[in-house]
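# Summary of the model geometry
Spelled out from the first residue to the last, the chains are:
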Amino acid sequence: MARILVTRPVAEPALEMLRNAFGADAIDLYEEDAIIPREELLRRVAGKDGVFALLSEKVDAEFLEAAGPGLRIVANMAVGYDNITVPECSQRGVAVTNTPDVLTETTADLAWGLIIGASRRFAEAERFLRNGEWKEWSPTLLCGVDVYGKTLGILGMGRIGQAVARRATGFGMRVIYHNRSRLPEDTERALNAERVDLPTLLAESDILSVHCPLGDATHGILGAEAFKAMKPTAVLVNTSRGPVVDETALAEALLAKEIFAAGLDVFEREPSVHARLLECDNVVLLPHLGSATYATRQRMAETAAANLVAFFSGKRPPNCVNPEVLQGG
Ligand code: 8YV
């Protein structure tokens, strides 16, 4: 029977799925509700056949070496898998799975929270109120920029980008997007979305929401030049991965009022946040909460478990990101 390492306690129904499929004795659960220390991880992964991993676990050559040749699958409980060196896994025949779809709407909701929160200065306004600075109503007090009727730009028009675009209909927005490939025409029509090049996206977006995966092509794609190209009234929202945005350049652009505001759920070096960003009043900062609802986190855990169960029952895991390692490719 396959032996599975689970790197952190996750939703009970998912653990139950694993116990039912593999037997309680086959599950090695790191019981503490904290990131498993690297040494402990490397020690416990030795001799395992499968791993249920979180974003906090770096799955690289060292990890795979420590696991040994028996390791066959790493099931990541996240849609993003930039914590995993996939080519290294593929080379060793280790399958990698992720958890798409189940978190799409939850993450899109959060992106919209940041769109409105940053445009209307929620965080700054709450700090103002809690600090006892609210003495009187004033016609200019904490004015922001409108969202309704504006142009929403989406960088990365995958599942989450499209879910964000769908919500824009209710806000009477024009939607433009930049993506490697063009969406099918009927999808574009349904979303009322137009594909543009990156310079147009930067120049015309009132709100720019980032939804591309992190990779060589997107690392630092939004830097000083990009912020200069944006409108001074523009709002940037990032719920994808921190390193897509050059944080130093963003902080300088926010302080210099080159753009109006930003809403960030992800950072270059989580959990640390750039000191200059913390100086900016015009940024709403969240600690990576995109998929953080009870229901969605449970569905993500169940999806990761289902991938492990399918794989070891000889079926194709539904969410394999390197299918070339599976039999039949
Ligand atoms: C999670 C995420 O909050 O799925 C992802 O890629 O970034 C978020 O959904 C987190 O990464 C869970 O591990």
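Here's what I pulled together on the structure shown here. Bear in mind the structure is a predicted one, so any value in this text is a computation, not a measurement.

### Overview of the side chain of Thr218
- Here Thr218 shows up in the loop between strand S9 (207–210) and helix H10 (224–229).
- On the basis of relative accessible area, Thr218 is assigned to the buried category, the value being 14%.
- Only 2.7 Å separates the side chain of Thr218 from the backbone oxygen of Pro213, close enough to count as a polar contact.
- Dropping the residues within four chain positions of it, Thr218 is found in contact with Cys212, Pro213, Pro243 and Val244.

### Looking at the side chain of Ser209
- Examined against the element boundaries, Ser209 turns out to sit in strand S9.
- There is a polar contact of 2.7 Å between the side chain of Ser209 and the side chain of His211.
- If we skip the residues at most four places from it in the chain, Ser209 touches Ala111, Ile115, Leu152, Gly153, Ile154, Leu155, Val164 and Val237.

### Quick notes on the pattern of salt bridges
- One pass over the full model with this rule turns up 29 salt bridges.
- Its salt-bridge partner being Arg241, residue Asp82 comes within 2.8 Å of it at the nearest N-O pair. Here Asp82, found in the loop between strand S4 (73–76) and helix H4 (86–91), pairs with Arg241, found in the loop between strand S10 (235–238) and helix H11 (247–255); they are 159 residues apart in sequence, far enough to count as distant.
- A relative accessible area of 41% places Asp82 in the partly exposed class.
- For Arg159, the salt bridge identified is with Asp101, shortest N-O distance 3.0 Å. Placement of Arg159 in helix H7 (residues 159–168) and of Asp101 in the loop between strand S5 (95–97) and helix H5 (104–119) is noted, with a sequence separation of 58 residues between them.
- Each of Asp28, Glu40, Arg43, Arg44 and Lys48 takes part in one network of salt bridges that share partners.

What counts, and where the lines are drawn
Residues numbered from 1 in each chain as written. Predicted model: local features only at pLDDT ≥ 70, side-chain atom pairs only at ≥ 80, totals over all residues. Heavy atoms only, no water. Helix = DSSP H or I, 4+ residues; strand = E, 2+ residues; numbered from the N terminus. Buried < 20%, exposed > 50% of the residue type's maximum accessible area, 1.4 Å probe, protein only. Polar contact = N/O pair within 3.5 Å; in protein donor to acceptor, adjacent residues only side chain to side chain. Contact = heavy atoms within 4.5 Å. Salt bridge = Lys/Arg side-chain N within 4 Å of Asp/Glu carboxyl O.

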